[in-house]
Amino acid sequence: MGDHGSWITLLGLGVIVAGVAARLNILLVVTASALVTPLLAGRTPYEAVAMLGRYATSSRYISVMWTILPLIGLLEWAGLSAAARGLVSRLSLKTPGHVLRGYFLMRQIAAALGLTSLGGQVQMVRPLIAPMAEEAGRAMTNGTLTKEEGEMLRAAAAATDNVAGFFGEDIFLAVASILLMQAVLEANGVQVSPWQLSFWAIPSALMALTVSWICFRRLDRRLRR
């Protein structure tokens, strides 16, 4: 198909962008994109469905995360969220920004050392970081934190985990993304070592930290108003 065909396959990303913008179910959007992309590359509908099934079955380990949900539910029922809120007062975390900054640093440093499992939406954000941020918000607003502000803090906690983990893990030498980038570059005639890719991931991680730090300050100012 040539260069023209390779560019057409990128329209599969447009399906994701359009689906997210329309606030459609993200699982349906990703599935649609996974089917549209091979079709644009010239594959038959049968081959597109076969590829989707093959990659789904080869990545069954992803479903393991669901096994931890009953444990998280049991811990929350036993008072994990209440303990997290109490930890806020004991650590003198006066604003949600303090909570999120501390978690961002911990998450990014851990990911840079290869400890990507030290954190996550299910293990850390939902039961611990989000309640801590909300409790700090209540203390900051003298107990007048609204439902919308609470949802905003939960979203900020989730985004903190995603950004810190994403930009931190690329610093680790043996992470899958580094090895994938090296393989793609070498396949296109660009010789680069994993050490070089890891080193040049540091400026991006520092920039992500700086931008997030500014966002945390703006979040605190918004609650103060």
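The rules behind these values
Residues numbered from 1 in each chain as written. Predicted model: local features only at pLDDT ≥ 70, side-chain atom pairs only at ≥ 80, totals over all residues. Heavy atoms only, no water. Helix = DSSP H or I, 4+ residues; strand = E, 2+ residues; numbered from the N terminus. Buried < 20%, exposed > 50% of the residue type's maximum accessible area, 1.4 Å probe, protein only. Contact = heavy atoms within 4.5 Å. Areas by Shrake-Rupley, 256 points an atom, 1.4 Å probe, with all protein chains shown as cover. Expected span 1.5 Å × (residues − 1). Phe/Tyr/Trp six-rings, centres within 6.5 Å; stacked < 30°, edge-to-face > 60°. Patch = residues over 30% accessible without salt bridge, like charges linked within 9 Å, V, L, I, M, F, W, Y side chains within 5 Å. Salt bridge = Lys/Arg side-chain N within 4 Å of Asp/Glu carboxyl O.

Draft legend 1. Spatial organisation of the overall build of the chain. When its secondary structure is counted, the chain shows twelve helices and zero strands. Residues classed as buried in the chain amount to 31% of the 225 residues present. Look at the contacts in the chain between residues 6 or more apart in sequence, and 68% of them connect residues 24 or more apart. When the accessible area of the chain is evaluated, it comes to approximately 14300 Å², of which 67% is carbon and sulfur surface.

Draft legend 2. Molecular detail of helix α12 (residues 202-224). Taking 1.5 Å per residue, 23 residues should reach 33 Å; α12 reaches 33 Å between its end C-alpha atoms and fits that length. Ala205, Ala208, Leu209, Ser212, Phe216, Leu219, Asp220 and Leu223 are the residues of α12 that are buried. Close packing links the buried residues of α12 with α7 (96-112), α8 (121-140) and α9 (147-169).

Draft legend 3. Main features of the packing of aromatic side chains. In this structure the tally under the stated criterion is three aromatic pairs. Geometrically, the ring pair formed by Phe104 and Phe216 is edge-to-face, given 6.3 Å between the ring centres and 70° between the ring planes. Note that Phe104 is positioned in helix α7 and Phe216 in helix α12, a separation of 112 residues in sequence. Take Phe104: its relative accessible area is 0%, and that puts it in the buried class. Between the aromatic rings of Phe199 and Trp200, the centroid separation amounts to 5.2 Å while the plane-to-plane angle is 85°, which identifies the pairing as edge-to-face. The exposed category is assigned to Trp200, whose relative accessible area is 61%.

Draft legend 4. Quick look at the environment of Pro45. Tracing the sequence through the fold places Pro45 in helix α4 (residues 45-58). Relative accessible area serves as the criterion here: at 57%, Pro45 is assigned to the exposed category. Through-space distance from the C-alpha of Pro45 to that of Leu35 is 8.0 Å; in sequence the pair is ten residues apart.

Draft legend 5. Focus on a nonpolar patch on the surface. On the surface, Leu105, Met106, Ile109, Leu113, Leu115, Leu118 and Trp213 cluster together to form a nonpolar patch covering roughly 620 Å² of accessible area. Note on placement: Leu118 falls in the loop between α7 and α8. On the basis of relative accessible area, Leu118 is assigned to the partly exposed category, the value being 41%.

Draft legend 6. Structural view of the side chain of Ser33. One can find Ser33 in helix α3 (residues 26-40). With residues up to four places along the chain from it excluded, the contact list for Ser33 reads Gly12, Leu13, Val15 and Ile16.

Draft legend 7. Broad picture of the pattern of salt bridges. Scanning the model with the defined rule gives five salt bridges in all. One salt bridge in this structure joins Asp161 and Arg107, with 3.0 Å as the shortest N-O distance. Separated by 54 residues along the polypeptide, Asp161 in helix α9 and Arg107 in helix α7 bring together distant segments of the chain. There is no split in this pair, since Asp161 and Arg107 are both buried. Here Glu134 makes a salt bridge to Arg154, at a shortest N to O gap of 3.1 Å. Here Glu134, found in helix α8, pairs with Arg154, found in helix α9; they are 20 residues apart in sequence, far enough to count as distant. Look at Arg154 and you get partly exposed, because its relative accessible area is 42%. Put simply, Glu134, Glu135, Arg138, Glu151 and Arg154 are held in one network by salt bridges that share partners.

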